[in-house]
Amino acid sequence: MGFFKRKHEPKKVPEGRVEGFYKVTGSGKYAAEYKLENVCYAVLVGSTIAAGEIVDINTDNAKDIEGVLDVLTHRNRPQIPAFADEAKAKRAGFSLPVLHTNKIFFRGQPVALVIAETLEDANYAASLVTVSYKTDQAKVDFDKEHATVPIAATGKERGSMDAWSNAPHIREQAYTIRNQVHNPMEMHATIAVWDGDKKLKLYDKNQGVNNVQQTISRLFDIPPANIEVFSEYVGGGFGSGLKVWSNVPLAIMAAKQVNRPVKLMLTRPQMFTLVGYRPQSWQNVRIGADANGKFLGILHQAKHGTSVFDNYGEGITRISRLVYNFGNLKTESATVPLNLGAPTWMRGPGDCTGAFALESAIDELSYDIKKDPLQLRLDNLAVINDPDTGKPWSTNFLNECMTKGAEMINWKSRNPLPAQTKEGEWMIGYGVANGMWFAGRSKASASIIMQKDGSITVQTAMTDIGTGTGTGMQNIAHLELGISHDKIRIKLGNSNLPAAPSQGGSTGLSTISGAVAAVCDALKMKLAGYASLQDAIYKDAKPESIVLSDSGIAYQQAGNHLISFDKIFSKENLQTIEVEASSGPGEERQKYAFCSGASHFCKVRVHTKTGKVKIDRHVCVVDAGYVVNKLAAANQVSGAAVGGIGMTLSEEQVVDSTHGCFIGGDLAGYHFAVNADAPIIEVDFINKIDPNINPSGAKGVGEVGIIGAAAAIANAIFHATGKRLRDLPITPDKVL
Ligand code: MOS
């Protein structure tokens, strides 16, 4: 039913994390931390060439090491149904090389897997595996290769390009972004445990246990019900956990080979090559406006890298279809196959890349027109309808985000001219940019188990990657039921629990809030059924007329007809009461378009002698519908904005085109923004309910914290220095 539609005032929602204690004390276990009896350890050997094939591979020396159980290669690994048949692998949605071929597609590709009694034995033996290769010319240089790849229409054209070819103001620029990696703190890891030939348990780090279950089911031809995937705590994701990577099938194969549980944890350097990245991109944006700054048309072209063995494509140009209202649009895109590992969704995939180009180009246009970049955006926002589908937005308060953010950063105090404001050796600048993200929702299920004392456990298969999903679920259950939060336990991350989609794309809470609301209603009705055996007034009860408390069930309209849980449980001789329910999007999706929005404002200082950029202030105002848990939501936004700072100023996974490898594959060589690089991010929310999206009124919040952040910073750097930088990351050498 949805708590925002109820008449009674919700109690104050506690904001603390349900999993906080367990994560902080170390008692909550990540995938690789489970200690299983008889477990052995696997270590991956990666290819040292980027393209070609294995001519010979010698594992004898490795096998001679005491404690080594076996060494898997493409010659001796167990047969896997889908690998023998390309169509089957395609159906399984799995394209990664996992010892099923002698062909080499990228440097770091698994060529052998050493299995030993201890991690140390396995590591040492892995260093003794020798491989001889026939080397082909590798394609790893995106800048060189993309020029040879033709671009094609995305089918999202509106109006015509000719209609604005004589526009009074036209700006056309290219923008580039280098490869960036996710690297959550928890490394990807799998412990595979076979029970006989047909049953499998996986302790695995991922963002969706059901996705892993389904993929492995199709790859290994095992019914999903025979595969249990367990990911109770997840130490971050950023998108890398949305896919099943090679470590999962490799651990499963190894466990089969040695007939024991096998643990395979990637090393930090392997996290840079084997679990995806945001692909390098080139974009060209042409934007035209009339004399007053009304947008007349946009051409947005994008190319990004992909691997030679799959075809990952992300919607970089989508952002140009959503945020602003104008008549003529053309988007074109292409992917560029490279001999690198597979890229994947990362932190606001597509839109994050696209927004850097679009929001930079708009800024450039504003200075051409001599119009305040804030006002230029406000005048062109698509606040009523989604320009792409023509449907009305269910809610879209991006205009309010802009106005509120402008106040917070005191935008009007800024000198409109660039390169005018100095403080000692520092130049000061302000920048603004918008972000938007499709507010999705999927179907999910949840169940509640109630104990005699009135405490409940709300559970679903969905994982919590650190975003606060479990906490949000507890908050929602508390608001729906009236039971105190300390009597509500949350259980997540197990494929045996009621099915739920992966946590990603800022859809987690939007999706699961529907299931939680539905299962709370189901619990009320079940309790009302029992209560009606004792008091007839409960016969006509509807979920909205029932309030639960820590002591029992009450019928709201009739005042004091409270029946204690104790009475219900003992009278019916019950041990537990269990209910399950599902909920998903409905016809509201036909009627409305849904989006979350954010406005980023940045104040930078740029050092005149060293080119160092310091973020002085970063304000992010978000329209994410009703904010269920302000602390968790603000944490997501500030984490995402810090990611935006890294993306803009330092993150770059350098490709060595001679050896075809990534350089700096560790946390020292690849610089993520840390506390010293970021101010306290000033986050605020519009906090207005979306009445159509789901029972909680909450839209997604994660991605919009980064989408637009890079352009706001780059625009601020231009305002500070007068120098427009279109190639991320903006390192000091480029600033000077
Ligand atoms: Mo994300 S790229 O929504 O995990």
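Residues numbered from 1 in each chain as written. Predicted model: local features only at pLDDT ≥ 70, side-chain atom pairs only at ≥ 80, totals over all residues.

Remarks on the environment of glycine 665
Here's step 1: By the element assignment, glycine 665 lies in the loop between strand 28 (661–662) and strand 29 (682–685).
Here's step 2: Exposure remark for glycine 665: the 20 C-beta atoms within 10 Å place this residue in the buried category.
Here's step 3: Considered as a pair, glycine 665 and glutamate 117 are 548 residues apart in the sequence and their alpha carbons are 28 Å apart.
Here's step 4: Residue contacts for glycine 665: discarding those within four places in its chain leaves Pro269, Phe272 and Thr273. (Helix = DSSP H or I, 4+ residues; strand = E, 2+ residues; numbered from the N terminus. Buried ≥ 20, exposed ≤ 12 C-beta atoms within 10 Å, placed from the backbone. Contact = placed C-beta atoms within 7 Å.)

Points about the domain arrangement of the chain
Here's step 1: Annotation of the chain at the domain level lists domain 1 (38–49 + 51–137 + 190–271), domain 2 (281–440 + 590–735) and domain 3 (441–584).
Here's step 2: Taken together, the 20 residues of domain 1 in the interface contact 16 residues of domain 3.
Here's step 3: Breaking the side of domain 1 that touches domain 3 down by element, the ones donating at least two residues are helix 6 (209–220) and strand 11 (227–230).
Here's step 4: Along the lines of polarity and charge, the residues of the side of domain 1 that touches domain 3 split into six nonpolar, 12 polar and two charged. (Domains from an automatic or database assignment. Nonpolar A, V, L, I, M, F, W, Y, C, P; charged D, E, K, R; others polar.)

Considerations on the environment of valine 212
Here's step 1: Checked against the element boundaries, valine 212 lands in helix 6.
Here's step 2: Given 26 C-beta atoms within a 10 Å radius, valine 212 is considered buried.
Here's step 3: Taking the C-alpha atoms as reference points, valine 212 and isoleucine 577, 365 residues apart in sequence, are found 30 Å from one another.
Here's step 4: Contacts of valine 212, omitting those with residues within four sequence positions, involve Leu202, Asp204, Asn206, Val229, Val244 and Val248.

What about helix 11 (residues 373–380)?
Here's step 1: Within helix 11, burial applies to Pro373, Leu374, Leu376 and Arg377. Each buried residue of helix 11 lies within a common arc of 165 degrees when the element is viewed along its axis, so the set occupies one face.
Here's step 2: Close packing links the buried residues of helix 11 with helix 10 (351–369), helix 12 (398–409), strand 17 (426–438) and helix 18 (709–721). (Arc of directions from axis to C-beta.)

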